[in-house]
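# Observations on the three-dimensional arrangement
Letter by letter, the chains look like this.
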Amino acid sequence: MRRQIAVACAFLTLLSLLLLREAPQLPSDSPIWVCDVGRVTRIEFSPDDARFAAVVARPEGQASDAMERHHRQLLVLDSASGETLLDTKGIYPMSVCFSDDASKIAVRWLDSLKVYDVENNAVLMEIDDRRAGSSWAALGFANRGRVLVTTFIGPVSDDREVGWNVSSGRKTEEYDRPHWWSGSGISRDGSMVYSGGWPGPTPRIRTIIGSKPLFYCFRHPFHIYASFTSNGRHFVTIHEDGAAFLWEARDIDWDNAAQIASELHTGLESSTALSLLNQSQRIAHIGDDGVLKIRRLFPQTDW
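What this report covers is the structure whose coordinates are included nearby. Computed from a predicted model, the values in this text were never measured in an experiment.

This brings us to the overall build of the protein. Helix and strand counts for the protein stand at two helices and 24 strands. Put simply, the protein shows about 14,600 Å² of open surface, and 49% of that area lies on carbon and sulfur atoms.

Turning next to the sheet that holds strand β19 (residues 234-239). Taken in spatial order, the four strands make up an open sheet running β18-β19-β20-β21, and their pairing is antiparallel. Looking along the sheet, the strands with just one partner apiece sit at the ends: β18 (223-228) and β21 (259-263). The average angle at which neighbouring strand axes cross in this sheet is 15°, direction not considered. In the sheet, β19 pairs with strand β20 (residues 244-248) via five bridges, with the strands oriented antiparallel. Of the residues in β20, the one forming a bridge with Val-236 is Leu-246.

Negative phi is the rule for most residues except glycine; trans is the rule for most peptide bonds. A cis amide bond links His-220 with the next residue in sequence, Pro-221, at an omega value of 0°. With respect to the helices, strands and loops of the structure, Pro-221 is situated in the loop between β17 (213-216) and β18. In the Ramachandran plot, Asp-49 falls in the positive-phi region, its phi being about 65° despite a non-glycine side chain. Relative to the assigned elements, Asp-49 resides in the loop between β2 (39-45) and β3 (51-57). The phi dihedral of Arg-144 falls on the positive side, at around 55°, and the residue is not glycine. Within the secondary structure, Arg-144 is located in the loop between β10 (137-142) and β11 (147-152).

Here we come to the pairing of β3. The element β3 is extensively covered by neighbouring structure, given that seven of its seven residues are classed as buried. Bridging between β2 and β3 involves six bridges; their strand directions are antiparallel. Looking across to β3, one finds that Glu-44 is bridged to Ala-53. With seven bridges joining them, β3 and strand β4 (residues 71-78) adopt antiparallel strand pairing. Residue Ala-54 lies in a different strand from β4, and its bridge partner there is Leu-75.

Right, let's get into the layout of surface pockets. A volume near 880 Å³ is recorded for the largest pocket. Residue lining of the largest pocket: 36 residues in total, with Arg-42, Glu-44, Gly-183, Gly-185 and Tyr-194 positioned closest to the centre. Looking at the lining of the largest pocket, the elements that each hand over two or more residues are β2, β18 and β22 (273-276). It is β18 that contributes the most residues to the lining of the largest pocket, five residues altogether. Across the lining of the largest pocket, the residue classes tally to 17 nonpolar, 15 polar and four charged.

Attention now moves to the side chain of Thr-207. Tracing the backbone shows Thr-207 in strand β16 (residues 204-207). At a separation of 2.9 Å, a polar atom in the side chain of Thr-207 contacts the main-chain carbonyl oxygen of Ile-209. Among the polar contacts listed, one links the side chain of Thr-207 to the backbone nitrogen of Lys-212, at a separation of 2.8 Å. Non-local contacts of Thr-207, meaning those with residues more than four positions away in its chain, are made with Ser-191, Met-192, Lys-212 and Leu-214.

What follows covers the pattern of salt bridges. According to the stated counting rule, one finds eight salt bridges in the structure shown. Here Glu-119 and Arg-51 are joined by a salt bridge, their closest N and O atoms 3.5 Å apart. Linking Glu-119 in the loop between β8 (112-117) and β9 (122-128) with Arg-51 in strand β3, this pair joins segments that are 68 residues apart in sequence. In this structure Arg-51 comes out as buried when scored by relative accessible area, which is 8%. Taking the shortest distance from any N to any O, the salt bridge between Glu-161 and Arg-177 comes out at 2.5 Å. Residue Glu-161 is found in the loop between β11 and β12 (162-165), and its partner Arg-177 is found in the loop between β13 (171-172) and β14 (181-182); the two are separated by 16 residues along the sequence. One salt-bridge network, held together by shared partners, links Arg-42, Glu-44 and Arg-188.

Conventions used here
- Residues numbered from 1 in each chain as written.
- Predicted model: local features only at pLDDT ≥ 70, side-chain atom pairs only at ≥ 80, totals over all residues.
- Heavy atoms only, no water.
- Helix = DSSP H or I, 4+ residues; strand = E, 2+ residues; numbered from the N terminus.
- Areas by Shrake-Rupley, 256 points an atom, 1.4 Å probe, with all protein chains shown as cover.
- Pairing = 2+ DSSP bridges.
- Axes fitted to C-alpha atoms, helices over the stretch in contact; angles between N-to-C directions.
- Buried < 20%, exposed > 50% of the residue type's maximum accessible area, 1.4 Å probe, protein only.
- 1 Å grid on protein atoms, 1.4 Å probe; cavity = no way out; pocket = protein on both sides within 12 Å on 5 of 7 lines; lining within 4 Å.
- Points joined across faces, edges and corners; volume = space filled by probe spheres on them.
- Nonpolar A, V, L, I, M, F, W, Y, C, P; charged D, E, K, R; others polar.
- Polar contact = N/O pair within 3.5 Å; in protein donor to acceptor, adjacent residues only side chain to side chain.
- Contact = heavy atoms within 4.5 Å.
- Salt bridge = Lys/Arg side-chain N within 4 Å of Asp/Glu carboxyl O.

The structure is reproduced here in structure tokens:
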């Protein structure tokens, strides 16, 4: 029976991929959104790039007390129109993950784990900190958004993967493995993770299972942004001097990471938040002016 359930779930996951909306035709080098409510500290796009989440730090002058200064406003917006679809706030969002069709978003706050219905601006599931587990969890939706899976991605890999039924908020063991993960440094397929280390903060990449070291990307000055590409074949770093580098993400000699391409003067060093798009070879960037734009990265290279 469990095998039949697993096969059925795998089929539904494949079907959900086929039903993804067509990626929007977002313009390059033109504003797609202007934030006027605070400083954007994080951006993350849905799998089809049709929506994005923005974490906004409220201006200190609007804080009522010391604790209020730590509040972060989480907005979910339509990429094509810039329309706000979901508006909420909490304390320190650790991980953010969209469902395949971007109708739901899971947020691991510092004190809770929540799943929101983006289209109806409602909370579907809320789990307090004691039940949600480690704040260093990666998130992934399974079973066409009906199950949220969390897994520990700290320095020691173990079997702390847990499935949560979004409707009931109860644990479940009946789910297919998510194909799209989101979390601190994790690749989209959930096979690799990067972290800093001596002589840090150089990104060091290792496998999730077995914590096997794969390669590290050393380049001075240090990076301000790092991410796997959505297909998991490459790794991007952007540095304090504005230089960007494209690395090959594969099991190679630890001391010899393969650098595929570079772009030395991107102008991205002043960005407050950066995010690779998932359906095109471009990057979104926003600065202190609150203007979100998209531009091609490594224009001479097909990656």
